[in-house]
Amino acid sequence: MWTTWTHPCFSKSPVGRALACIEILARSAVGPNLFTYHNDWRDMGLGSPWGRNPPFQIDANLGLCAAIFEMVVLSLPGRIQLLPALPAKWPTGRVEGIRCRGGIIIDLDWNRPNQVWSAKLTSVKPQRLLLGIPEGFGSNELNIRGERAVEMCPGWYEVEMCEGETLRVNGGGEYITR
């Protein structure tokens, strides 16, 4: 089914397509219990040859969750990008405990109208990672450990972390208080 593949693909693209794709899925294939079902795509509803009981589709359900996570934090071992595909419909928000590839746990707050964001990164192992900061928040400056970080290339910073270390980073102004 196309949703299995397109959600994660669109979530990696900051062109605003990710949320539109999720909204189509929600209108056309999500039941009242929030399960994703096989649908016919013609009437954009749960109608199918199986009547009112279409088959449950675990791949679309998991793809939907992955797409939402990747709109907020995109991670690869050694590389994390914060808010890579943030929809305009989510001007403020907060997520906690996102477990990223490579052993990083992230709490993240953002407030686009005030042009600020902040994140708390906790490493489960010693590592060096490339951290991409959100675009569209005014200042493109990153503060790490209370000091201005050195930009490796536009919007990307190299960060070294020890095992168990918690690092607070912020951009666009002051920390968002928790």
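Note that the structure is predicted; figures quoted are calculated from it, not measured.

Asker: Talk me through the overall build of the chain; I want residue IDs and the actual numbers.
Answerer: Each helix and strand counted, the chain has 3 helices and 11 strands in total. For the chain, the accessible area works out to roughly 9,800 Å², and carbon and sulfur atoms hold 56% of it.

Asker: Kindly report on the pairing of strand β10 (residues 156-161), identifying the contributing residues and their values.
Answerer: Pairing between strand β6 (residues 127-132) and β10: 6 bridges, direction antiparallel. Within β10, the position partnered with L130 by the bridge is E158. Between strand β9 (residues 151-153) and β10, which follow one another and run antiparallel, lie 2 residues, and G155 among them has a positive phi close to 85 degrees.

Asker: I'd love a proper account of the side chain of D107, names of residues and values included.
Answerer: Positionally, D107 belongs in strand β4 (residues 104-111). Taking the relative accessible area as the measure of exposure, D107 reaches 12% and is therefore buried. Here the side chain of D107 touches G97 through a polar contact of 2.7 Å, landing on its backbone nitrogen.

Asker: Report on the environment of I106, specifying residues and quantitative values.
Answerer: Structurally, I106 is set in strand β4. Taking C-alpha positions, I106 is 6.8 Å from A119, a pair spaced 13 residues apart along the chain. Sequence-distant contacts of I106, defined by excluding residues within four places in its chain, comprise V73, I80, L82, V95, E96, G97, I98, C100, K120 and L121.

Asker: Describe helix α2 (residues 17-29), listing the residues and the values that go with them.
Answerer: Relative to the 18 Å expected for 13 residues at 1.5 Å per residue, α2 spans 18 Å between its end C-alpha atoms, a close match to the ideal helical length. Those residues of α2 that fall on the buried side of the exposure criterion are A18, L19, C21, I22, L25, S28 and A29.

Asker: Tell me about the sheet that holds β9, residues and numbers included.
Answerer: What the 5 strands build is an open sheet, ordered β1-β2-β6-β10-β9; its pairing is mixed. Unpaired on one side and paired on the other, β1 (73-76) and β9 mark the two borders of the sheet. Between one strand axis and the next, the sheet turns through 30 degrees on average, direction left out of account. Pairing of β9 with β10 involves 2 bridges; the strand directions are antiparallel. Each residue of the ladder has a partner; that of E151, found in β10, is Y157.

The rules behind each value
Residues numbered from 1 in each chain as written. Predicted model: local features only at pLDDT ≥ 70, side-chain atom pairs only at ≥ 80, totals over all residues. Heavy atoms only, no water. Helix = DSSP H or I, 4+ residues; strand = E, 2+ residues; numbered from the N terminus. Areas by Shrake-Rupley, 256 points an atom, 1.4 Å probe, with all protein chains shown as cover. Pairing = 2+ DSSP bridges. Buried < 20%, exposed > 50% of the residue type's maximum accessible area, 1.4 Å probe, protein only. Polar contact = N/O pair within 3.5 Å; in protein donor to acceptor, adjacent residues only side chain to side chain. Contact = heavy atoms within 4.5 Å. Expected span 1.5 Å × (residues − 1). Axes fitted to C-alpha atoms, helices over the stretch in contact; angles between N-to-C directions.

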